[in-house]
Amino acid sequence: QVQLVESGGGLVQAGDSLRLSCAASGRAFDGYSMGWFRQAPGKEYEFVATVSRNGVRTYYAESVKGRFTISRDNAKNMVYLQMNSLKAEDTAVYYCAGDRYSSSGWPKTRRVDFGTWGQGTQVTVSS
């Protein structure tokens, strides 16, 4: 089983950049498509980005496209979310998630599609 732990969140100002990291344990990391979701205060979980098993394919929510970049390093069992030009509306708890059954479709953007989740890391963007 793959375990996920997020880090890198913090308090930044609008326009700043931040990189989130997700460390995965286990030997089957490269068999998972990976994604980032977020939950803003008082709102539902929102899909942010996903990356394929080999890191070649990526897909983004319209709200973050052009500003955020998802990537992975399978040799290090790591997933990253580079966030640039941050806005106040990006404030949320960000979650790293893994999809073991990645061969069943692409892209996957629903919370229910990802069976493995980290604990989350808080990102707060002040305006």
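Anything mentioned here points back to the structure above.
Notes on the structure follow. Nothing here was measured: the structure is a model prediction, and the numbers come from that model.

**Brief notes about the side chain of S33**
Here's step 1: Along the chain, the position of S33 falls in strand 4 (residues 33–39).
Here's step 2: Excluding its chain neighbours within four sequence positions, the residues that come into contact with S33 are V51, S52, R53, R72, A97, G98, D99, S102, W106 and F114.

**Brief notes about the packing of aromatic side chains**
Here's step 1: This structure, assessed with the given rule, holds 7 aromatic pairs.
Here's step 2: Seen from their ring centres, Y45 and Y95 are 5.3 Å apart, and the 40 degrees between their planes marks the pair as tilted. Separated by 50 residues along the polypeptide, Y45 in strand 5 (residues 45–51) and Y95 in strand 9 (residues 92–99) bring together distant segments of the chain.
Here's step 3: Centre to centre, the rings of Y45 and W117 are 6.2 Å apart; their planes meet at 80 degrees, and the pair counts as edge-to-face. Pair noted here: Y45 is in strand 5 and W117 is in strand 10 (residues 116–117), with a separation of 72 residues, a long-range link.
Here's step 4: Linked through ring pairs, F37, Y45, F47, Y59, Y95, F114 and W117 together constitute an aromatic cluster.
Here's step 5: Here R72 stacks its cationic end above the ring of F29, 4.4 Å away from the centre of that ring.
Here's step 6: The side chain of R111 reaches across the aromatic face of Y45, ending 3.8 Å from its centre.

**Thoughts on unusual backbone geometry**
Here's step 1: For the bond running from W106 to P107, omega is -10 degrees, close enough to zero to count as cis.
Here's step 2: Within the element layout of this structure, P107 appears in the loop between strand 9 and strand 10.
Here's step 3: Phi at N77 takes a positive value of approximately 55 degrees, unusual for a residue other than glycine.
Here's step 4: Inspection of the secondary structure puts N77 in the loop between strand 7 (68–73) and strand 8 (78–83).

**Description of the pattern of salt bridges**
Here's step 1: A full pass over the atoms with the stated rule returns 6 salt bridges.
Here's step 2: For the salt bridge of R67 with D90, the shortest nitrogen-to-oxygen distance reads 2.7 Å. Residue R67 is located in the loop between strand 6 (58–60) and strand 7, and its partner D90 is located in the loop between strand 8 and strand 9; the two are separated by 23 residues in the primary sequence. Assigned by exposure class, R67 and D90 land together as buried.
Here's step 3: The salt bridge partner of R110 is D113, with a shortest N-O separation of 2.9 Å.
Here's step 4: Judged by its relative accessible area of 52%, R110 falls in the exposed class.
Here's step 5: Exposure remark for D113: the relative accessible area of 18% places this residue in the buried category.
Here's step 6: Taken together, the salt bridges that share partners define one network made up of R38, E46, R67 and D90.

**Examining the sheet that holds strand 3 (residues 18–25)**
Strand pairing in a sheet relies on backbone hydrogen bonds. The paired strands run either parallel or antiparallel.
Here's step 1: Taking strand neighbours across the sheet as the criterion, the 4 strands line up as 1-3-8-7 in an open arrangement whose pairing is antiparallel. Each edge of the sheet is formed by a strand with only one pairing partner; in this case those strands are strand 1 (3–7) and strand 7. Recorded for the sheet is a direction-independent mean angle of 15 degrees between the axes of neighbouring strands.

About the criteria used
Residues numbered from 1 in each chain as written. Predicted model: local features only at pLDDT ≥ 70, side-chain atom pairs only at ≥ 80, totals over all residues. Heavy atoms only, no water. Helix = DSSP H or I, 4+ residues; strand = E, 2+ residues; numbered from the N terminus. Contact = heavy atoms within 4.5 Å. Phe/Tyr/Trp six-rings, centres within 6.5 Å; stacked < 30°, edge-to-face > 60°. Lys NZ or Arg CZ within 6 Å of the ring centre and 35° of its normal. Salt bridge = Lys/Arg side-chain N within 4 Å of Asp/Glu carboxyl O. Buried < 20%, exposed > 50% of the residue type's maximum accessible area, 1.4 Å probe, protein only. Pairing = 2+ DSSP bridges. Axes fitted to C-alpha atoms, helices over the stretch in contact; angles between N-to-C directions.

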